[in-house]
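Residue strings, one per chain:
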Amino acid sequence: MNIPNIVDDGGQTYISYNYPPIFATKLQPSYTGYIHYSFVGKENEPNITIQTELSSPIHYVSKELYIFSKIHNFPNISPFDGELVITHEPITNTNNKPVYMCFPLRTDYSQT
């Protein structure tokens with residue numbers, strides 16, 4: 001999936017993400033207020049690619065996964081009561097900072 005955004009230079013930034021099945025190992029007990037997993041992706045299959053019209057693509061691979069109760073406010077997304085946050089490290093252009101993907105979660109109480 002590509003998500004286009006307008007950037008300050010008037011060009012386009014394209015963010016594509018892909019999360020194939022990856023083995024996750026629980027690192028943190030859930031009584032701490034969040035759940036923490038090791039979620040290491042394969043460097044030859046980047047999870048995120050960011051590219052602008054003026055630059056080469058930057059590839060990122062997942063490293064960790066967290067599940068939190070709601071920590072952000074997304075005005076156009078409601079209701080939600082938790083968040084899935086995946087941390088990523090660059091596999092190219094090592095001067096780049098990590099990227100964090102945040103996905104709102106909603107509890108479905110209708111399932112038994």
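This text follows the structure it describes.
Described below are features of the structure shown in this document. (Residues numbered from 1 in each chain as written. Predicted model: local features only at pLDDT ≥ 70, side-chain atom pairs only at ≥ 80, totals over all residues. Heavy atoms only, no water.)

1. With respect to the side chain of Thr87
- Structurally, the position occupied by Thr87 is in strand 7 (residues 82-90).
- By relative accessible area, Thr87 is classed as buried at 9%.
- The residues touching Thr87, leaving out its near neighbours within four places in the chain, are Val61, Ser62, Lys63, Glu64, Tyr66, Val99 and Tyr100. (Helix = DSSP H or I, 4+ residues; strand = E, 2+ residues; numbered from the N terminus. Buried < 20%, exposed > 50% of the residue type's maximum accessible area, 1.4 Å probe, protein only. Contact = heavy atoms within 4.5 Å.)

2. Focus on the nonpolar core
- Formed by Ile48, Ile50, Ile58, Tyr60, Val99 and Met101, the largest nonpolar core amounts to 6 residues.
- Of all the secondary structure elements, the ones that give two or more residues to this core are strand 5 (48-52), strand 6 (58-69) and strand 8 (99-105). (Core = buried A, V, L, I, M, F, W, Y, C linked by side-chain atoms within 4.5 Å.)

3. Here's the deal with the packing of aromatic side chains
- Tallied over the entire structure, the rule returns 6 aromatic pairs.
- Taking 6.1 Å as the distance between ring centres and 65° as the angle between the ring planes, the aromatic pair formed by Tyr17 and Phe103 counts as edge-to-face. With Tyr17 in strand 2 (residues 12-17) and Phe103 in strand 8, this pair connects stretches of sequence that are 86 residues apart.
- Given a relative accessible area of 23%, Tyr17 falls into the partly exposed group.
- Between Tyr34 and Phe68, the ring centres sit 5.6 Å apart and the planes meet at 40°, which makes this aromatic pair tilted. In this pair, Tyr34 sits in strand 4 (residues 34-38) while Phe68 sits in strand 6, placing the two residues 34 residues apart along the sequence.
- The class of Phe68 is partly exposed, set by a relative accessible area of 24%. (Phe/Tyr/Trp six-rings, centres within 6.5 Å; stacked < 30°, edge-to-face > 60°.)

4. As for the environment of Tyr19
- Looking at the element boundaries, Tyr19 is found in the loop between strand 2 and strand 3 (25-28).
- C-alpha of Tyr19 to C-alpha of Asn47: the two residues are 28 residues apart in sequence and 5.7 Å apart in space.
- Not counting chain neighbours up to four residues away, the residues in contact with Tyr19 comprise Phe39, Asn47, Ile48, Ile86, His88, Met101 and Phe103.
- Reaching out from Tyr19, the side chain makes a polar contact with the side chain of His88 at a distance of 2.7 Å. (Polar contact = N/O pair within 3.5 Å; in protein donor to acceptor, adjacent residues only side chain to side chain.)

5. Side note on the side chain of His36
- Considering the arrangement of structural elements, one finds His36 in strand 4.
- Here His36 falls in the buried class, since its relative accessible area comes to 10%.
- Side-chain polar atoms of His36 contact the side chain of Glu64, separated by 2.9 Å.
- A polar contact of 3.3 Å, which involves the side chain of His36, links it to the side chain of Tyr66.

6. Remarks on the environment of Ile91
- Inspection of the secondary structure assignment puts Ile91 in the loop between strand 7 and strand 8.
- Measuring from C-alpha to C-alpha, the distance between Ile91 and His59 comes to 5.7 Å, with 32 residues separating the pair along the chain.
- Leaving out residues up to four positions away in the same chain, Ile91 has contacts with Glu43, Pro46, His59, Tyr60 and Val61.

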